[in-house]
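Observations on chain architecture
Next come the chains, spelled out residue by residue.
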Amino acid sequence: MPSMRYVILQQNSDLRFVEMPEEYAYQLSALNLRLNKEIAKLTAANVPSLPLAVAECDRLDLLHPSLQIASGIDYINELESAFASIQEENYPLISLLTEIRALQAQLEQWYEEEELI
């Protein structure tokens, strides 16, 4: 069984839990922090609001039935879709999309390899 880590994201009082392969959890946290830093520079009207990565952990037991764990690939696909839909004219959005898509490709490959085992 592959080793997983959990990235905990916070937006206002809401928490989101994203399960990532251990070797990619830090990349998601770093990407999230960079996107949060750069998002204020975007001038488009349809800029998504982002949660902030607040923690990572190796084990996660959710105690409340309303909380769920999202898979890393689902989360990164959502993120890519949200950023791809931005109609930005004044900021090089392509660099942010490139970073998102690089992690997306790595995760897709990881999930494909895990299914083969």
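Here, every reference points to the structure presented above.
Below, the structure is looked at part by part. Here the structure is a predicted model, which means the values were calculated and not measured.

The next point concerns the packing of aromatic side chains. Tallying each qualifying case throughout the model produces 1 aromatic pair. With 5.0 Å between their ring centres and 85° between their planes, Trp-110 and Tyr-111 make a pair best called edge-to-face. Taking the relative accessible area as the measure of exposure, Trp-110 reaches 8% and is therefore buried.

Between two packed helices, the angle of one axis relative to the other and the distance separating the axes together describe the packing. Helix H2 (residues 72-84) packs onto helix H1 (residues 22-38) with a crossing angle of 25° between their chain directions and a minimal axis gap of 13 Å. As far as their axial angle goes, H2 and H1 are roughly parallel. Pair H1 / H2 crosses with left-handed handedness. Contact with H1, carried on its side by Leu-28, Leu-31, Asn-32 and Leu-35, involves Tyr-75, Ile-76, Leu-79 and Phe-83 of H2 and no other residues of that element. In terms of residue class, the contact of H1 with H2 is built from 7 nonpolar, 1 polar and no charged.

Take the side chain of Ser-29 next. Here Ser-29 shows up in helix H1. Residues within four places of Ser-29 in sequence aside, it is in contact with Val-7, Ala-53 and Glu-56.

Taking 1.5 Å of rise per residue, the 17 residues of H1 would be expected to cover 24 Å, and the 26 Å separating its terminal C-alpha atoms lies within 8% of that figure. When H1 is considered as a whole, its buried residues turn out to be Tyr-24, Ala-25, Leu-28, Ser-29, Leu-31, Asn-32, Leu-35 and Glu-38.

Strand order in this open sheet of 4 strands is E3-E1-E2-E4, and the pairing throughout is mixed. Edge positions in the open sheet fall to strand E3 (52-57) and strand E4 (69-71), since each of these has one partner strand only. Each strand of the sheet is rotated relative to its neighbour by a mean of 30°, with strand direction disregarded. By the bridge criterion, 3 bridges tie strand E2 (residues 14-21) to E4 in an arrangement that is parallel. Across the sheet, the residue bridging to Val-18 is Ala-70, located in E4. Each of strand E1 (4-11), E2 and E4 is contacted by H2, which is oriented at about 115° to E2, the strand it contacts most.

The rules behind these values
Residues numbered from 1 in each chain as written. Predicted model: local features only at pLDDT ≥ 70, side-chain atom pairs only at ≥ 80, totals over all residues. Heavy atoms only, no water. Phe/Tyr/Trp six-rings, centres within 6.5 Å; stacked < 30°, edge-to-face > 60°. Buried < 20%, exposed > 50% of the residue type's maximum accessible area, 1.4 Å probe, protein only. Axes fitted to C-alpha atoms, helices over the stretch in contact; angles between N-to-C directions. Helix = DSSP H or I, 4+ residues; strand = E, 2+ residues; numbered from the N terminus. Parallel < 35°, antiparallel > 145°, perpendicular 65-115°, else oblique. Left-handed = near helix turned anticlockwise from the far one by under 90°. Contact = heavy atoms within 4.5 Å. Nonpolar A, V, L, I, M, F, W, Y, C, P; charged D, E, K, R; others polar. Expected span 1.5 Å × (residues − 1). Pairing = 2+ DSSP bridges.

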